[in-house]
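# A look at the structure
If you want the building blocks of each chain, they are given just below.
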Amino acid sequence: MQNAPSPTIFLSDYTPPSYLIETVHLTFHLAPQATRVVSRIVFCPNPDAQSHDFFLHGEDLKLISARIDGAEISPEVTALGLTCDVPDAPFVFESEVEISPAANTALEGLYMSNGMYCTQCEAEGFRKITYYPDRPDVMAVFTVKIESDLPVLLSNGNPVARGEWHDPWPKPAYLFALVAGDLIAHPDSFTTMSGKDVALNIYVRKGDEDKCAFGMEALKKSMEWDEQVYGREYDLDIFNIVAVDDFNMGAMENKGLNIFNSSCVLASPETASDANFERIEAIIAHEYFHNWTGNRVTCRDWFQLCLKEGLTVFRDAQFTGDMRGHAVKRIEDALAMRGYQYPEDRGPLAHPVRPASFVEINNFYTATVYEKGAEVIGMLKRLVGDDAYADACSLYFDRHDGEAATIEDWLAAFEDTTGRDLAQFARWYAQAGTPHLHVTEAYDEETYTLTLRQDLPPTPDGSPKDPQVIPVCIGLLAQNGREIVETQTLELTEFEQVFTFKGISERPILSVLRDYSAPVIVHYDQSDADRAVLLAHDTDPFNRWDAGRTLASNLLCAMVDGAGPDTAFLDGLGAVLRDDTLDPAFRALALSLPTEADTAQAIVDAGDVPDPRDIHHAHEALKLHIAQHLQDIMPRIYAEMVVTGTYSPNANDAGKRLLANRVLSYITRIDGGHQAAVQYAAADNMTQQQAALDAFLTIGAGQKELQAFADQWANDRLVMDKWFAMQVACADPDDTVPTATNLIAHPKFDWKNPNRFRAVIGALAGNQAGFHVPDGSGYDLLADCLIKLDPINPQTTARMATAFETWKMYNQARQALMRRALERIAGTPNLSRDTTEIVTRILG
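Below is a short write-up of the structure. (Residues numbered from 1 in each chain as written. Predicted model: local features only at pLDDT ≥ 70, side-chain atom pairs only at ≥ 80, totals over all residues. Heavy atoms only, no water.)

### A look at the overall build of the protein
Definition in use: By definition, any uninterrupted DSSP run of H or I lasting at least four residues is a helix, any uninterrupted run of E lasting at least two residues is a strand, and each is numbered from the N terminus. Radius of gyration here uses only the C-alpha atoms, and the compact-globule reference equals 2.2 Å multiplied by the residue count raised to the power 0.38. Here, residues are in contact when the closest pair of their heavy atoms is within 4.5 Å. The Shrake-Rupley method, run with a 1.4 Å probe, gives the accessible areas here. Residue values count only the displayed protein chains as cover. Under the convention used here, Asp and Glu are negative, Lys and Arg are positive, and both His and the chain ends fall outside the count. Lys charges are placed at NZ, Arg charges at CZ, Asp charges at CG and Glu charges at CD.
When its secondary structure is counted, the protein shows 27 helices and 31 strands. Relative to the compact-globule value of 28 Å for 844 residues, the protein shows a C-alpha radius of gyration of 27 Å, a close match. Its C-alpha atoms give the protein principal-axis dimensions of about 85 × 65 × 60 Å. Excluding contacts between residues fewer than 6 apart, the proportion of contacts in the protein whose partners are at least 24 apart in sequence is 70%. Accessible area of the protein: about 31,400 Å², with a carbon and sulfur share of 51%. Charge separation in the protein, taken as the distance between the mean sites of 69 positive and 121 negative side-chain charges, equals 3 Å.

What follows is the structure, encoded as structure tokens:
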């Protein structure tokens, strides 16, 4: 059976809405199988509309009745919505529909999670609740009444009475939220900079009350930070967060009622790792910051998604840097870009930061929109300066408060503030792909000449590529490591430009792309000796780390071809490890190697075809060599990084544990797990317990501890997600598919829970050598799982299907096996629009 193609939506086809909405009144009569939703909506013709055809979105709704100005009507109803004749003047549309939250496994619209009613309306979930113009440029004031015997009844805005809520701020339907359940509140309060008291609550299921304190502190820090840094104050009397187990995303910024995946808000020292705490802090900040960058100023259409997401990711990165250190955060940002966004840019799923078209908008919640979108904001700030950035942001908020804005509106605020023409800069939003920065240099008679050239490789859209504005931060070091030219920002605006530095008394060592000043791929034939100087002496933390990363990448590629380890590189790692003046978290990052996926891409870039198994063996060999070469110093570092006293997830303690556990992973390779056993037995927090177990599993040991872990945490679903994931992630390549297969059959594996599915299947895709076993069983297992999940949860299915996006980089045999798996998915009858689009684009 051939699946019918879905229509493509184009940015160029945007037209203003035919009708605007003044007020919305919703009444919910909750019942698991038959919830009734009664709506009363005051419409008025939009004077800016090109036509006045009346259409309301609606999917999976049973229409009970409809009226206009009190008179019964018989509208034309299709699978996508409702049309009818309406008056030329303002009018009241009323309807009653029936929906089944219990049957909604897609987790879009109103659904149920462990007896709790909850919603997810971004991007187009509200149309599964009632008939409505479900588009972000239709904003209205909502009043909501919830009828149920459940003790907690929540919606957006301020409470009016039990189960009744009024939100005075106009919002699009995607920001609507409702929660009803038997929940317990963790309360607190915050006083804004104008002296307004705001009630704060985190609502959880019984048994999770002890996991809310950190999230609440993170929320208050975020509110204070947004006031101090952006001058943005909270605008309602109450701010509620609800933890939900079944959730497709991380969290959702619904006005005044943020709904969170439980994994992104619940934390205690015993159940959450340092990495979990940092992620929770960042996500809570991200969703709170949306109150202004997304809610008060929203996006005109979904093509402008990067306007709210890229800007808000940039803001949460600023916040994390202020809370935990900018140097380490910048390295983490670069790792995310290189590990997730660059592959997206170079593959069949490449798209601009602002796409020109889409079939299913859910498929564009991507690293390009979020992370690259944030990098674009960062470049803009770097180019105009801190003060101008702050002034432009204030102008943007003042101009567009209560409006649905565009990228053009955002850039206009900067042009009007600075007087700078940003037409060329805007290409960052329009052109897909990662720019390549080619660096050449010359030195003669105290003159250093630096030539920078940019090119943008072809992408699936086939569009021509014009030069972009690339801020390239550079510095120059002497041969002894002394800095002779401090950081300067060079603006590359042409395909090729030459920059000259006079008065340089010796051939300098170039430190290029300091602070990861632009999301580009650098091509620079720099010697290993110069990189070693940068690793030892560069004043820029990012480039110091990146020099070591490049040396490691080069060495791993050589080892894949049969070379032995480089003693100079190992000595360089030892020097960084011994340098007590460096942040422990930085040393831990320096001690980590590129991923096996990184090495595969480096081999492709060199013109060869990667073999995942050979790459795995090279990585394992280098890790063993590092452990052996540094075995004299590692026990001392491990002991020095032990954190005593009461556990705290603060940056200082977390950095020490990170370094200690990175060292433990190497020690375990030569002591057979002795130190890991000691740490596991003594662990009083999840960071130490999980790190010890991970070290065990990596060397094929620790089965006793693995069972003890499962027995201890059998009733904690978030910790059990870790148990599922680490077994697949740490499995030997030959054991990866059998391990994943067994875990899918485990009684605690739940097809309807996205966290549990991602724990196993995401780990399968991430275990490069295991996923790419030569017999294709990894591809077949992933295809089987996606085919089974698609009718249950299309969003999660489509996101997991992206594991195939790099299929063309491997040899012909693997390509044939992956194509077979992709075609099997594509040929599945009634495949969802979400998954169809992703698989079709991957196949090309």
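### Thoughts on the pattern of salt bridges
To keep it simple, the criterion reads: Each reported salt bridge corresponds to a side-chain nitrogen of Lys or Arg within 4 Å of a carboxyl oxygen of Asp or Glu. We call a residue buried when its accessible area falls under 20% of the maximum for its residue type, exposed when it is over 50%, and partly exposed in between, using a 1.4 Å probe and counting protein chains only.
Considering all chains together, one arrives at 58 salt bridges under this definition. As a salt-bridge pair, D167 and K171 come within 3.0 Å of each other at their nearest N and O atoms. The residues D167 and K171 share a single accessibility class, namely buried. Two residues, D188 and K220, come together in a salt bridge whose shortest N-O distance is 3.0 Å. Taken together, the residues D188 in strand β17 (residues 184–191) and K220 in helix α1 (residues 213–230) connect sequence positions 32 residues apart. Note on D188: relative accessible area 29%, which makes it partly exposed. When salt bridges that share partners are traced, they join R205, D208, K211, D245, D716 and R717 into one network.

### A closer look at the nonpolar core
As a rule of thumb, soluble globular proteins bury nonpolar side chains together. Here is the rule we go by: By convention a nonpolar core is built from buried Ala, Val, Leu, Ile, Met, Phe, Trp, Tyr and Cys residues, the set being connected through side-chain atoms within 4.5 Å.
Counting 172 residues, the largest nonpolar core has Y389, W410 and F425 as the members making the most contacts within it. Per-element accounting of this core gives the leading share, 9 residues, to helix α5 (residues 367–384). Those residues in contact with F425 that lie beyond four places of it in its chain are V376, M379, L380, L383, L411 and V469. Judged by nonpolar contacts, the second largest core, of 60 residues, contains I603, I615, F724 and A759.

### Re helix α18 (residues 686–698)
Where we set the bar: Under the convention used throughout, the expected extent of a helix is 1.5 Å for every residue step, that is, one less than its residue count. Polar contacts, as counted here, are pairs of nitrogen or oxygen atoms within 3.5 Å of one another; within protein the pair requires one atom able to donate a hydrogen and one able to accept it, and residues that are adjacent in sequence qualify only if both atoms are side-chain atoms.
End to end, α18 covers 18 Å across 13 residues, agreeing with the expected 18 Å (1.5 Å per residue, within 8%). Along α18, the residues that are buried comprise M686, T687, Q688, Q689, A691, A692, L693, A695, F696 and L697. For α18, the secondary structure elements touched by its buried residues are α2 (274–289), α16 (651–671), α17 (674–682), α19 (703–712) and α20 (717–729). You can read the cap of α18 off the contacts: a side-chain oxygen lies 3.1 Å from the backbone nitrogen of T687, and it is on N685. Looking at the residues trailing α18, positive phi occurs at G700, about 80 degrees.

### A few points about the sheet that holds strand β4 (residues 55–57)
Definition in use: Pairing between two strands is assigned when DSSP locates at least 2 bridges connecting them.
With antiparallel pairing, the 3 strands of this open sheet are ordered in space as β4-β8-β7. The open sheet has two free edges, formed respectively by β4 and β7 (76–77), since each of these has just one partner strand. Where β7 lies against strand β8 (residues 81–83), 2 bridges are found, and the strand directions are antiparallel. Within β8, the position partnered with V77 by the bridge is L82.

### Some points on the environment of D333
Residue placement: D333 occurs in helix α4 (residues 326–346). Between the C-alpha atom of D333 and that of L20, which follows or precedes it by 313 residues, the distance is 40 Å. Among residues more than four places away in sequence, those in contact with D333 are A317 and E375.

### Overview of the packing of aromatic side chains
Selection rule: Classification of ring pairs uses Phe, Tyr and Trp, with its six-membered ring standing for Trp, and accepts pairs whose centres are within 6.5 Å; under 30 degrees between planes counts as stacked, over 60 as edge-to-face, and the remaining range as tilted. Two conditions define a charge located above a ring, namely a distance within 6 Å from the ring centre to NZ of Lys or CZ of Arg, and an angle within 35 degrees of the ring normal.
The tally for this structure, following the rule as stated, stands at 44 aromatic pairs. With 4.8 Å between their ring centres and 40 degrees between their planes, F303 and F358 make a pair best called tilted. Remark: F358 occurs in strand β23 (residues 357–358) and F303 occurs in the loop between β22 (297–299) and α3 (305–324); sequence separation between them is 55 residues. Overall, the relative accessible area of 5% leaves F303 in the buried class. We note R232 situated over the ring of W292; from NZ or CZ to the ring centre the distance is 4.7 Å. The ring of Y389 carries K381 above its face, with NZ or CZ at 5.8 Å from the centroid.

Any link to function would need more than the numbers given here.
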